[in-house]
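One letter stands for each residue in the lines below.
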Amino acid sequence: MNKLPEYLNELETKISKQENYNITISKSNVGWHIEHILLTINLIIEEVQKSNPENYKWSFKLSRILVFSMNKIPRGRAKSPKVVAPKIYDEQTLIEHLKIAKFRVQELKNISSDKYFNHPFFGNLKLDKTIKFLEIHTNHHLEIINDIIKN
């Protein structure tokens, strides 16, 4: 079952806390993490839709095997690619990007299973693995958001 709709609903409840900040948990505030999640979801789904299954090539990636088998991204291990690193955002843009993400997540149902996304660390991920990555990634940042808000 795709957990992304549930995660996006939870994210929506955090938007009002977008300015919360705790340097002991993260260098970035809650809004940054929300925007990063939404940029990632929106960009990846767009890339999957544009992919040509004929260009798909599988490759061995130990990092993919570890993250996917643990269902967890270790904290502080990777840096976000610039394309999904938030620059300017506010409550209104977060709400707008969330609406787009909810729509795109629904579109996943209509995408062919042989479409794929080329992840910078994990290589080519077919649709099912792309969804799993988005779930793991979103949950990773939700945990950080929850820790920021808690403290």
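See the structure printed just above.
The structure displayed is predicted, hence computed values, not measured ones.

Draft legend 1. Molecular detail of the nonpolar core. Grouped together as the largest cluster of nonpolar side chains are 34 residues, with contacts concentrated most on L8, L11, I34, I41, L108 and F133. Contributing elements (two or more residues each) for this core: α1 (4-14), α2 (30-50), α3 (62-70), α4 (91-107) and α5 (127-150). The leading source of residues in this core is α5, at nine residues. In this view, L11 contacts I34, I37, L38, L142 and I145; residues no more than four positions away in its chain are not counted.

Draft legend 2. How the structure looks around the pairing of strand β2 (residues 123-126). The pairing of strand β1 (residues 116-119) with β2 spans four bridges and is classified as antiparallel. Residue pairing for β2: F117 is matched across the bridge by L125. The turn joining β1 and β2, which pair antiparallel and follow one another in sequence, is formed by three residues.

Draft legend 3. Fine view of α2. In a regular helix each residue adds 1.5 Å, so 21 residues correspond to 30 Å; α2 covers 31 Å between its end C-alpha atoms and thus fits that length. The buried fraction of α2 amounts to 15 of the 21 residues, a majority that puts the element mostly inside the structure. The opening residue of α2, the one whose side-chain oxygen lies 3.2 Å from the backbone nitrogen of G31, is N29.

Draft legend 4. Inspection of the pattern of salt bridges at higher detail. With the rule as written, the count across this model stands at seven salt bridges. One salt-bridge network, held together by shared partners, links E46, E47, K50 and R104.

Criteria and thresholds
Residues numbered from 1 in each chain as written. Predicted model: local features only at pLDDT ≥ 70, side-chain atom pairs only at ≥ 80, totals over all residues. Heavy atoms only, no water. Core = buried A, V, L, I, M, F, W, Y, C linked by side-chain atoms within 4.5 Å. Buried < 20%, exposed > 50% of the residue type's maximum accessible area, 1.4 Å probe, protein only. Helix = DSSP H or I, 4+ residues; strand = E, 2+ residues; numbered from the N terminus. Contact = heavy atoms within 4.5 Å. Pairing = 2+ DSSP bridges. Expected span 1.5 Å × (residues − 1). Polar contact = N/O pair within 3.5 Å; in protein donor to acceptor, adjacent residues only side chain to side chain. Salt bridge = Lys/Arg side-chain N within 4 Å of Asp/Glu carboxyl O.

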